[in-house]
Amino acid sequence: MPFGNTHNQLKMKFSSEAEYPDLSKHNNHMAKVLTPAMYERLRSKQTPSGFTLDDVIQTGVDNPGHPFIMTVGCVAGDEETYEVFKELLDPVISDRHGGYKPTDKHKTDLNSNNLKGGDDLDPNYVLSSRVRTGRSIRGFCLPPHCSRGERRAVETLSIEALASLTGDLKGKYYALKNMTDAEQQQLIDDHFLFDKPVSPLLLASGMARDWPDARGIWHNDNKTFLVWVNEEDHLRVISMQKGGNMKEVFNRFCTGLTKIETLFKERGHAFMWNEHLGYVLTCPSNLGTGLRAGVHVKLPNMSKNAKFEEILKRLRLQKRGTGGVDTAAVGGVFDISNADRLGFSEVELVQMVVDGIKLLIEMEKRLEKGQSIDDLMPAQK
Amino acid sequence: MATSFSRLLSSRRNLGILSLVGAGSVTAAFLLHREHVTAGVPVRRRYPASAEYPDLRKHNNCMASSLTPAIYSKLCDKATPNGYTLDEAIQTGVDNPGHPFIKTVGMVAGDEESYEVFADLLDPIIKERHNGYDPRTMTHPTDLDASKIQSGQFDDRYVLSSRVRTGRSIRGLSLPPACTRAERREVERVVVDALSGLKGDLKGKYYSLTQMTEQEQQQLIDDHFLFDKPVSPLLTCAGMARDWPDARGIWHNNEKTFLIWVNEEDHTRVISMEKGGNMKRVFERFCRGLKEVEHLIQERGWEFMWNPRLGYILTCPSNLGTGLRAGVHVKLPLLSKDARFSKILDNLRLQKRGTGGVDTAAVGGVFDISNLDRLGQSEVQLVQTVVDGVNYLIECEKRLEKGQDIKVWMTLLLFRLFLIRAVNDPPFL
């Protein structure tokens, strides 16, 4: 909660043992790492804006997790959270991001020219292509912790910067609380509108406070470049279009992001970034690139194949239903995207998706003809 | 006395020199008189109050009606001695604009001192919610003498069950929206310890939510005793569901007529109930149980939050005063179809709900009928209101069954009620 860190003073009057959460039934990254001794060492700390250990872990305490899915169980309230609570977050990051060490450096590469191919994914199989990431504005608290004043300031800055975009990126902002019924319906039809979060994972962290104040959606007139303001992060940036031209999608993504970053810098604001963690976002799972590049692809035969999961794992890809995370696939159509976020550059991740989808489509075609796919089995990337 | 004194000394609240004065509940009441509460460390703020003021244009709750920019500006930098802030107190009302027909309160207290530190906002809210009760000038009567109830046995052919509930908070510990895990666990420990001292028909057992077995859980569900993690956004946005189900539980006596919820929406919710229409006995057990529990916690150096301005202090301002809801499940199939039903209930100071509780619909002509008021009248007065009201409703139903009119009856009763109210409760005029 914003600013009321006088609360932490109250807790310090009780012993660490009395305050330590009961994590005996929990299965998330935070619960695996937070020992009573660590809790004792970290509980007196706070970031300069007053975010405390209990604020970081509340979502993980309230949501024990699922036996099969490993959630993160902690969030950042500001950029400094990742420093002040390093002792907790470094091991969480390591577990979540394939052994990423506190000394590792993350490479940022938003030069879409470095992507090989990607403009020729078979449109008979690939229905749409999409790349998303998030960006946080340095100097402002993140959604779990920001005050109304801060959130509104982020919105105002974003509107100003986005209003300066030109050419095929020229667009319009729709504030959630001011939108007309007609605008709302159009945004729903375009699959652009985001709703107040309902997931308890998000609600318990406090990021839905004051909804829909200072939340909104910006998109370009062509409806291929979209920015969410103040949803789970300060900004979520999305480039998308029908069909399989991932290269074009990624081009626009990189161009748009770079332009937006420049526009913010011109107004005296940088994005949160450092050479160890890359782009800093609310959820530790989105650090690094914060990038999810994916396609909606028809793989009815592959999805019934016993090796499907193993192949995805080796290609460093993940599957979701076409409704996004936590939905089921419908009609053999899957959302396939990169599994990694940190430790690989943007170009590397999109390359994995492009190459992986090409291979999956080849395998699908083989299975259609009743042929074997054994010789196509990939090595672990 | 000595134990109360040591409790005050070790109290977690920063009351400075005042904590050295005397001991016991009289002192505590004195300490909480508005002028003597020291607010906590001021809250840091980067933006002016005008940039932080919530957008309440689409809101319809008591907080939104009372929170002007001026009041927000005055209170936004303040915190209670425990560090609870205005933004935290109003968060539930900001997040839940309300319903065009139902006016919710839109604000909670994080601790006893919230009612003092944020009085500029809470007093007008209390006045609106409690029918004109002005905490600045009025005092609230507490009366738990069940022997005063008259005609408290209803016709069992109409009344299926009778129930009285209230809440109690443990002084010195923060309330559910703000309490730390350690505080919540302390509430559980204090209450469970005290309850283990109950005897006779009140002797019972505690079932912790974290430890109950599957059979125990099923039994509690079958008995309609088990409470679940709150799902209403009104409650979750206030932060009272944090760390669920840590330190939550249910205690009930072996006869299943006296039940206590621990750390749900309040520190404790106390419920007396039984099948049939013996409201007098239900209330008698209620009062006796409450007094015994109070005695048991006092022996251990604790007490309930109470003061003469606001009566018993609970999380939601709507439950101040008595915190009491006395009600019955009663069959009124004919009367409920009469166009005058709502007006009658209004005049009787009663409300109807479905038999699933608040926000449910009535099934088969069976209604949950209970008192509307909580603050400004004593427990005895409110239960008597329910007794008189329900007896009257049953009379109406009987008349309608015989095809008789209820109009003359109504006129006489309403005139009588008007006279009583005019004499005893001038604000209602």
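Residues numbered from 1 in each chain as written. Chains lettered and ligands numbered in written order. Predicted model: local features only at pLDDT ≥ 70, side-chain atom pairs only at ≥ 80, totals over all residues. Heavy atoms only, no water.

- Under the annotation held in an unreviewed UniProt entry, chain B carries the name Creatine kinase U-type, mitochondrial and is attributed to Sphaeramia orbicularis.
- Per UniProt, chain B carries the Subcellular location (unreviewed entry) text "Mitochondrion inner membrane".
- As recorded by UniProt, the Sequence similarities (unreviewed entry) comment attached to chain B reads in full: "Belongs to the ATP:guanido phosphotransferase family." (UniProt positions renumbered as here; feature names shortened; annotations may be inferred.)

- For chain A, the name recorded in an unreviewed UniProt entry is creatine kinase, with Sphaeramia orbicularis as its organism.
- In its Catalytic activity (unreviewed entry) section, the UniProt entry covering chain A states "creatine + ATP = N-phosphocreatine + ADP + H(+)".
- Turning to chain A, the UniProt record has this under Sequence similarities (unreviewed entry): "Belongs to the ATP:guanido phosphotransferase family."

## Focus: the overall build of chain A
Line of reasoning, step 1. The secondary structure content of chain A amounts to 14 helices and ten strands.
Line of reasoning, step 2. Compactness check: chain A gives a C-alpha radius of gyration of 21 Å against a globular reference of 21 Å for 381 residues, within 12% of the reference.
Line of reasoning, step 3. In terms of overall dimensions, chain A has a C-alpha envelope of 70 × 45 × 40 Å along the principal axes.
Line of reasoning, step 4. When burial is assessed residue by residue, chain A has 59% of its 381 residues classed as buried.
Line of reasoning, step 5. Long-range pairs, those at least 24 residues apart, make up 74% of the contacts in chain A between residues at least 6 apart in sequence. (Helix = DSSP H or I, 4+ residues; strand = E, 2+ residues; numbered from the N terminus. Rg over C-alpha atoms; globule rule 2.2 N^0.38 Å. Buried < 20%, exposed > 50% of the residue type's maximum accessible area, 1.4 Å probe, protein only. Contact = heavy atoms within 4.5 Å.)

## Remarks on the sheet that holds strand β9 (residues 317-320) of chain A
All names here are of chain A.
Line of reasoning, step 1. Strand order in the open sheet made by the eight strands is β2-β3-β4-β5-β1-β8-β10-β9, with antiparallel pairing throughout. Looking at strand neighbours, the two that pair on one side only are β2 (171-175) and β9, the edges of this open sheet. Within the sheet, the average angular offset between the axes of one strand and its neighbour, ignoring direction, is 20°.
Line of reasoning, step 2. Sheet topology places strand β1 (residues 126-135) next to strand β8 (residues 292-298); six bridges connect them, and they run antiparallel. (Pairing = 2+ DSSP bridges. Axes fitted to C-alpha atoms, helices over the stretch in contact; angles between N-to-C directions.)

## Describing the environment of A119 of chain B
Line of reasoning, step 1. Within the secondary structure, A119 of chain B sits in helix α8 (residues 119-129).
Line of reasoning, step 2. Sequence separation between A119 of chain B and P135 of chain B is 16 residues; the distance between their C-alpha atoms is 9.2 Å.

## Observations regarding the side chain of S114 of chain B
Residues and elements named next belong to chain B.
Line of reasoning, step 1. Residue placement: S114 occurs in helix α7 (residues 114-117).
Line of reasoning, step 2. A relative accessible area of 0% means that S114 is categorised as buried.
Line of reasoning, step 3. Apart from residues no more than four positions distant in its own chain, S114 is found in contact with T80, Y84, A109, A119 and L122.

## As for α8 of chain B
Residue and element names in this part refer to chain B.
Line of reasoning, step 1. Within the span of α8, buried status applies to A119, L121, L122, D123, I125 and I126.
Line of reasoning, step 2. Looking at the buried residues of α8, the elements they touch are α4 (62-66), α5 (69-75), α6 (86-95) and α7.
Line of reasoning, step 3. Once α8 finishes, N131 follows within two positions and takes phi at roughly 60°, a positive value.

## Comments concerning the packing of aromatic side chains
Line of reasoning, step 1. This structure, assessed with the given rule, holds 13 aromatic pairs over all chains.
Line of reasoning, step 2. Here the aromatic rings of F227 of chain B and W261 of chain B are separated by 5.2 Å at their centres, their planes lie at 50°, and the arrangement is tilted. With F227 of chain B in the loop between α10 (214-222) and α11 (233-236) and W261 of chain B in strand β4 (residues 258-262), this residue pair connects regions lying 34 residues apart in the sequence. In this pair, the class of F227 of chain B matches that of W261 of chain B, namely buried.
Line of reasoning, step 3. Where W251 of chain B meets F258 of chain B, the ring centres are 6.2 Å apart and the plane angle is 80°; that geometry is what we call edge-to-face.
Line of reasoning, step 4. The buried category is assigned to W251 of chain B, whose relative accessible area is 2%.
Line of reasoning, step 5. Classification of F258 of chain B by relative accessible area gives buried; the value is 1%.
Line of reasoning, step 6. The ring of Y279 of chain A carries R135 of chain A above its face, with NZ or CZ at 3.4 Å from the centroid.
Line of reasoning, step 7. When the ring centre of F140 of chain A is taken as origin, the NZ or CZ atom of R46 of chain B, which lies over that ring, is 5.9 Å away. (Phe/Tyr/Trp six-rings, centres within 6.5 Å; stacked < 30°, edge-to-face > 60°. Lys NZ or Arg CZ within 6 Å of the ring centre and 35° of its normal.)

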